[in-house]
Amino acid sequence: MAKVTAEKVQEQVQVDSPKMVEIKHTRTMKDASGKDVEVVDFTDVKSVDEAISQCEAQKANLETQLNECEAELADYIAIRDAE
């Protein structure tokens, strides 16, 4: 699933109002004529600070998973090369 991220323009801008982002979660489907079309599944609107925090948390989780995968791969390679 792809994402389209853009700054959310607020109608009334307040001095203490945080910047907002709009994230459209999309997917590609075929229309009746067989052409690929992009369809918006749902849209999230959140503060840019919240979006950054969530993205950093997801990055940390993925880095942990990558490290675990690399260790597992090293074990498999060691087993293969032990013969």
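Going by the structure above, here's the rest.
Every value quoted in this text rests on a predicted model; they were computed, and no experiment measured them. (Residues numbered from 1 in each chain as written. Predicted model: local features only at pLDDT ≥ 70, side-chain atom pairs only at ≥ 80, totals over all residues. Heavy atoms only, no water.)

Participant: With reference to specific residues and values, describe the overall build of the protein chain.
Facilitator: Along the protein chain, the regular secondary structure elements total one helix and three strands. Listing every helix and strand of the protein chain by position from the N terminus yields β-β-β-α. Across the 83 residues that make up the protein chain, the buried fraction comes to 8%. Of the roughly 7,100 Å² of accessible surface on the protein chain, 54% is carried by carbon and sulfur atoms. (Helix = DSSP H or I, 4+ residues; strand = E, 2+ residues; numbered from the N terminus. Buried < 20%, exposed > 50% of the residue type's maximum accessible area, 1.4 Å probe, protein only. Areas by Shrake-Rupley, 256 points an atom, 1.4 Å probe, with all protein chains shown as cover.)

Participant: I'd like a rundown of the pattern of salt bridges, residues and numbers included.
Facilitator: By the definition in use, this model includes three salt bridges. We note a salt bridge from D81 to R80, for which the minimum N-O separation is 3.1 Å. (Salt bridge = Lys/Arg side-chain N within 4 Å of Asp/Glu carboxyl O.)

Participant: Which residues make up the side chain of K46, and what values go with them?
Facilitator: Its place among the elements puts K46 in strand β3 (residues 36-47). As a buried residue without a salt bridge, K46 has its nearest oppositely charged side chain in D44, at a separation of 4.2 Å. Side chain to side chain, K46 and Q54 meet in a polar contact 2.5 Å long. (Lys, Arg positive; Asp, Glu negative; His and termini not counted. Polar contact = N/O pair within 3.5 Å; in protein donor to acceptor, adjacent residues only side chain to side chain.)

Participant: Before we move on, can you summarise the side chain of S47 with the specific residues and values?
Facilitator: Tracing the sequence through the fold places S47 in strand β3. Within polar-contact distance, the side chain of S47 engages the backbone nitrogen of E50 at 3.1 Å.

Participant: I'd like to hear about the pairing of strand β2 (residues 20-30), residue by residue, with values.
Facilitator: Sheet topology note: the β2/β3 ladder contains 11 bridges and is antiparallel. Note on β3: the bridge partner recorded for R27 is V39. In this antiparallel pair of consecutive strands, β2 and β3, the connection spans five residues, and G34 shows a positive phi of 90 degrees. (Pairing = 2+ DSSP bridges.)

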